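# Residue-level structure breakdown
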Amino acid sequence: MGFFDFMTEDIAIDLGTANTLIIHNDKVVIDSPSIVARDRVTGKIIAVGKEASMMQGKTHENIKTIRPLKDGVIADFDASEKMISMFIKSIPALKKKMFTPALRMVVCIPSGITEVEMRAVKESCERVNGKEVYLIHEPMAAAIGIGIDIMQPKGNMIVDIGGGTTEIAVIALGGIVCDKSVKIAGDVFTNDIIYYMRTQHNLFVGETTAEKIKIQVGSATDQLETPPDDMSVQGRDLLTGKPKQVEVSFREIAKALDKSIQRIEDAVMETLSQTPPELAADIYNTGIYLAGGGSMLRGLDKRISLKTDLPVYIAEDPLKAVVRGTGMALKNIPKFRSILIK
């Protein structure tokens, strides 16, 4: 193995619906939107990541922006493979190498994923020179990233709200005891906002704008201790066809997102109701951990806490919790052998 080890690079990938993060040598080297722009005429990929996301919603007919992942799984195999390979090639430390080194990878996948979808992820990675590819379930990775010792005979509950899916899992003894994966997450919130702006304000806004609204004034409740300022939103007036601007407050967004958040709450409640009593006792003491970008929605922790009567904690830097956990699993493959899927 000696020589091969010397030629092998280790990378950990969080292949997300909204963002892809890559860790190499314990550093997050890639943190980019999961989106590619393709030239329709030549079929070539012209931009990837941040560059491609700036084009989103502003393209002419020769350029198409694609989000290769939908609901946490690969929807466009070709685009996803190109995207992964372009991200890997743009890692600074690997650029200096004369030829692409063999890669040992740990990639995380949603817990509600099928065999076929799992193979798609694996094959994508093998085609970008992944010699050893391990998969890890997202809630597991999130738990490790939050800093929970998952091997203990203790129950912990993780709610990971990503772009495409919300993963809810109760973890003990290095395994997932009960889990639920719902396809309501950041993307659905964004679409809720687009729909609300259309119906309430007769204003047509694009995805990028809706995303901005979500981040600037998004809220899960209409009572916040430190409310954000109102935001001016520009878009197209559906009645006159002219560009126009309206003011939006966090209360309106709370109203727009209410139904979707209820669905997430219900999923959390359902998972709790399936939890074995001994683990439920542990969770009563440890509470619920939130990870993923969706957990940064203002007041969401309070709202879930009120619904479940449990303490709710948000992971530090929730966007990176999953990739951090994936990176830790990569560093200690023998220890986490039982949770990695070969």
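What counts and how
- Residues numbered from 1 in each chain as written.
- Predicted model: local features only at pLDDT ≥ 70, side-chain atom pairs only at ≥ 80, totals over all residues.
- Heavy atoms only, no water.
- Helix = DSSP H or I, 4+ residues; strand = E, 2+ residues; numbered from the N terminus.
- Rg over C-alpha atoms; globule rule 2.2 N^0.38 Å.
- Contact = heavy atoms within 4.5 Å.
- Areas by Shrake-Rupley, 256 points an atom, 1.4 Å probe, with all protein chains shown as cover.
- Lys, Arg positive; Asp, Glu negative; His and termini not counted.
- Charge placed at Lys NZ, Arg CZ, Asp CG, Glu CD.
- 1 Å grid on protein atoms, 1.4 Å probe; cavity = no way out; pocket = protein on both sides within 12 Å on 5 of 7 lines; lining within 4 Å.
- Points joined across faces, edges and corners; volume = space filled by probe spheres on them.
- Nonpolar A, V, L, I, M, F, W, Y, C, P; charged D, E, K, R; others polar.
- Core = buried A, V, L, I, M, F, W, Y, C linked by side-chain atoms within 4.5 Å.
- Buried < 20%, exposed > 50% of the residue type's maximum accessible area, 1.4 Å probe, protein only.
- Domains from an automatic or database assignment.
- Buried area = accessible area lost by both parts, 1.4 Å probe.
- Salt bridge = Lys/Arg side-chain N within 4 Å of Asp/Glu carboxyl O.
- Polar contact = N/O pair within 3.5 Å; in protein donor to acceptor, adjacent residues only side chain to side chain.
- Pairing = 2+ DSSP bridges.
- Axes fitted to C-alpha atoms, helices over the stretch in contact; angles between N-to-C directions.
- Phe/Tyr/Trp six-rings, centres within 6.5 Å; stacked < 30°, edge-to-face > 60°.
- Lys NZ or Arg CZ within 6 Å of the ring centre and 35° of its normal.
- Parallel < 35°, antiparallel > 145°, perpendicular 65-115°, else oblique.
- Left-handed = near helix turned anticlockwise from the far one by under 90°.
- pLDDT = per-residue confidence, 0-100.

A tally of regular secondary structure across the chain gives 12 helices and 18 strands. Taken over the C-alpha trace, the chain has a radius of gyration of 21 Å; the compact-globule value for 342 residues is 20 Å, and the two agree within 12%. In the chain, once contacts between residues fewer than 6 apart in sequence are set aside, the share between residues at least 24 apart is 64%. Accessible area of the chain: about 16,400 Å², with a carbon and sulfur share of 52%. A distance of 5 Å separates the average location of the 42 positive side-chain charges in the chain from that of its 44 negative side-chain charges.

Attention now moves to the layout of surface pockets. Rolled over the atoms, a probe sized like a water molecule indicates the empty space that remains. Approximately 1,400 Å³ is the volume found for the largest pocket. As for the largest pocket, its lining consists of 50 residues, and the residues nearest its centre are Ala18, Asn19, Asp187, Glu211 and Lys214. Classifying every residue of the lining of the largest pocket gives 16 nonpolar, 19 polar and 15 charged. Together, 16 residues line the second largest pocket, and Gly57, Val205, Gly206, Glu207 and Thr209 are the ones closest to its centre. Looking at the lining of the second largest pocket residue by residue, the class counts come to 4 nonpolar, 8 polar and 4 charged.

Attention now moves to the nonpolar core. With 43 residues, the main nonpolar core has Phe189, Met197, Ile213, Val233 and Ile288 as its most contacted residues. At 8 residues, helix α9 (residues 250-273) tops the list of elements feeding residues into this core. Structurally, this core is a two-domain feature, drawing no fewer than three residues from each of domain 1 (149-184 + 259-319) and domain 2 (186-256).

This part covers the domain arrangement of the chain. Along its sequence, the chain is carved into domain 1 (149-184 + 259-319) and domain 2 (186-256). Centre-to-centre, using C-alpha coordinates, domain 1 lies 27 Å away from domain 2. Counting from both sides, the interface comprises 15 residues of domain 1 and, opposite them, 16 residues of domain 2. Both faces combined, the contact of domain 1 with domain 2 buries some 1,200 Å², and carbon together with sulfur accounts for 58% of it. Of all residues in domain 1, the largest losses of buried area upon contact with domain 2 belong to Ser260, Leu297 and Arg298, amounting jointly to 46% of the total for that side. Linking domain 1 with domain 2 are 0 salt bridges. Applying the counting criterion to the domain 1 and domain 2 interface returns 9 residue pairs in polar contact (both at pLDDT 80 or more). When contributions to the side of domain 1 that touches domain 2 are tallied by element, the ones reaching two or more residues are α9 and α11 (300-308). Of the residues in the side of domain 1 that touches domain 2, the class split is 6 nonpolar, 5 polar and 4 charged.

It is worth spelling out the sheet that holds strand β6 (residues 63-66) at this point. Reading across from one edge, β5-β4-β6 is the order of the 3 strands in this open sheet, with antiparallel pairing throughout. Two strands in the sheet have a free side with no partner beyond their single neighbour: β5 (45-48) and β6. With strand direction ignored, the average angle separating the axes of adjacent strands in the sheet is 20 degrees. In this sheet, β6 lies alongside strand β4 (residues 36-39) in antiparallel orientation, the contact comprising 4 bridges. Bridge pairing in β6 links Arg38 to Lys64.

It is worth spelling out the packing of aromatic side chains at this point. Centre distance and the angle of the planes are the two values used to describe a pair of aromatic rings. Per the stated rule, a full pass over the model turns up 1 aromatic pair. Here the basic side chain of Arg198 rests over the ring of Phe204, its NZ or CZ set 4.7 Å away from the ring centre. Stacked on the ring of Tyr134, the Lys or Arg Lys342 has its end atom at 4.7 Å from the ring centre.

Relative to strand β3 (residues 27-33), strand β2 (residues 19-24) runs antiparallel, the two sharing 6 bridges. Pairing of His24 across the sheet is with Lys27, part of β3. Where β2 hands over to β3, the hairpin turn is made up of 2 residues, of which Asn25 adopts a positive phi near 50 degrees.

Following both chains from N to C, one finds helix α7 (residues 186-201) and α9 inclined at 140 degrees, their axes separated by 9 Å at the closest point. The angle between the axes of α7 and α9 places the two elements in the oblique class. Crossing of α7 over α9 shows right-handed handedness. On α9, the residues touching Val188, Phe189, Asp192, Ile193, Tyr196 and His201 of α7 are Glu252, Ile253, Lys255, Ala256, Leu257, Ser260, Ile261 and Ile264. Looking at the contact of α7 with α9, its residues break down into 9 nonpolar, 2 polar and 3 charged.

The next subject is the sheet that holds strand β1 (residues 8-15). With respect to topology, 5 strands assemble into an open sheet ordered β3-β2-β1-β9-β10, the strand pairing being mixed. Looking at strand neighbours, the two that pair on one side only are β3 and β10 (130-137), the edges of this open sheet. Direction aside, the axes of adjacent strands within the sheet are offset by 20 degrees on average. Contacts between helix α3 (residues 77-89) and the sheet are confined to β1, β2, β3 and β9 (102-109), with β1 contributing the most and set at about 130 degrees to the helix. Of the strands in this sheet, β9 and β10 are in contact with helix α6 (residues 138-146), which crosses β10 at around 85 degrees.

Moving on: the confidence of the model for the chain. Detailed conclusions should not be drawn from predicted coordinates in areas where pLDDT is low. Predicted confidence across the chain gives a mean pLDDT of 90, with 98% of residues reaching 70 or more. When mean pLDDT is taken per element in the chain, strand β16 (residues 243-248) scores highest with 95 and helix α1 (residues 2-7) scores lowest with 60.

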